[in-house]
Amino acid sequence: MKIFISLLMFFFAAACGNAQEPMRLDVHAEKLTVYDQAEMLGQFDIEIAHTEAQRSAGLMHRVDLPESSGMLFVFDGEAQRFFWMQNTPTPLDIIYADAKGVIVHIARDTTPFSTTPIPSRAPAQYAFEIHAGFSQKLGINVGQTLKHPVIGVAQ
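Because the structure is a prediction, the values reported are computed rather than measured. (Residues numbered from 1 in each chain as written. Predicted model: local features only at pLDDT ≥ 70, side-chain atom pairs only at ≥ 80, totals over all residues. Heavy atoms only, no water.)

**A closer look at the overall build of the chain**
Along the backbone of the chain there are three helices and nine strands. Split into buried and exposed, the 155 residues of the chain put 41% on the buried side. Long-range contacts, defined as pairs at least 24 residues apart, comprise 71% of the intrachain contacts of the chain with a sequence gap of at least 6. Counting every atom, the chain has about 8,700 Å² of accessible surface; 57% of that belongs to carbon and sulfur. (Helix = DSSP H or I, 4+ residues; strand = E, 2+ residues; numbered from the N terminus. Buried < 20%, exposed > 50% of the residue type's maximum accessible area, 1.4 Å probe, protein only. Contact = heavy atoms within 4.5 Å. Areas by Shrake-Rupley, 256 points an atom, 1.4 Å probe, with all protein chains shown as cover.)

Structure below.
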């Protein structure tokens, strides 16, 4: 019986030790704003993923993202981008934008934990992840613009 309890405790400790802690970045002092020409559609508190390690971790393991928050992924130049939802329990909208911040594609209501690649469908320098359904709720669409001090700045 002692061996069984010891084994049970060992496997429980191992399982707890493998639990991933989500990455948390500082919320940027300035909000990201989405515009349709001159009309502001919404503002978001954002975390900014600048490095490869930060972009790789993204919102994995996060269950506490506030509704008016998101993560902006900043890349060096435009290219076809692919994201996936592995280890991401919260459904998201992924908004891809070009070097000027113009939205080129929105992957709406992504599937949690999926490893299926989600393409930008056009060259993108930025990806902006927010809660699923929020882009539709605010009327965010292709052709509109993301504005923030890091967008449009040479990387």
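That shown, we press on.
**So, the packing of aromatic side chains**
Taken as a whole, this structure holds five aromatic pairs when the rule is applied. On the basis of an interplanar angle of 80 degrees and a centroid distance of 5.2 Å, the ring pair of Phe 44 and Phe 128 is categorised as edge-to-face. One end of the pair, Phe 44, is in strand 2 (residues 39-49); the other, Phe 128, is in strand 8 (residues 124-131), and 84 residues separate them in sequence. Accessibility assignment for this pair places Phe 44 and Phe 128 in one class, buried. Each ring, one from Phe 83 and one from Tyr 96, has its centre 5.8 Å from the other, and the planes form 80 degrees; the classification is edge-to-face. (Phe/Tyr/Trp six-rings, centres within 6.5 Å; stacked < 30°, edge-to-face > 60°.)

**Regarding the environment of Leu 41**
For Leu 41, the position within the fold is in strand 2. As for Leu 41 and Gly 139, which are separated by 98 residues in sequence, their C-alpha atoms are 7.1 Å apart. Once residues lying within four places of it in the same chain are set aside, the contact partners of Leu 41 are Val 34, Tyr 35, Asp 36, Leu 138, Gly 139, Ile 140 and Gln 144.

**Observations concerning the sheet that holds strand 3 (residues 69-79)**
Spatial ordering of the open sheet is given by 6-5-8-3-2-1-9, a layout of seven strands whose pairing is mixed. A strand with exactly one partner marks an edge of an open sheet, and here the two such strands are strand 6 (103-107) and strand 9 (145-147). The average undirected angle you get between the axes of adjacent strands in this sheet is 35 degrees. Taken together, the five bridges between strand 2 and strand 3 define a ladder with parallel strand orientation. Looking across to strand 3, one finds that Ile 48 is bridged to Leu 72. (Pairing = 2+ DSSP bridges. Axes fitted to C-alpha atoms, helices over the stretch in contact; angles between N-to-C directions.)

**Comments concerning the pattern of salt bridges**
Between side chains of opposite charge, a pair can form when the charged atoms approach closely. Evaluation of the coordinates by the stated rule reveals six salt bridges. Two residues, Glu 47 and Arg 62, come together in a salt bridge whose shortest N-O distance is 2.8 Å. Of the two residues, Glu 47 is situated in strand 2 and Arg 62 in the loop between helix 2 (52-57) and strand 3; the sequence distance between them amounts to 15 residues. When sorted by exposure, Glu 47 lands in the same class as Arg 62, which is buried. Across the pair Arg 55 and Glu 52 runs a salt bridge whose closest N-O atoms are separated by 3.3 Å. Placement of both Arg 55 and Glu 52 in helix 2 is noted, with a separation of three residues, approximately one turn of the helix. Given the relative accessible area of 16%, Arg 55 is considered buried. The exposed category is assigned to Glu 52, whose relative accessible area is 52%. Through salt bridges with shared partners, a single ionic network connects Arg 24, Glu 47, Arg 62 and Asp 64. (Salt bridge = Lys/Arg side-chain N within 4 Å of Asp/Glu carboxyl O.)

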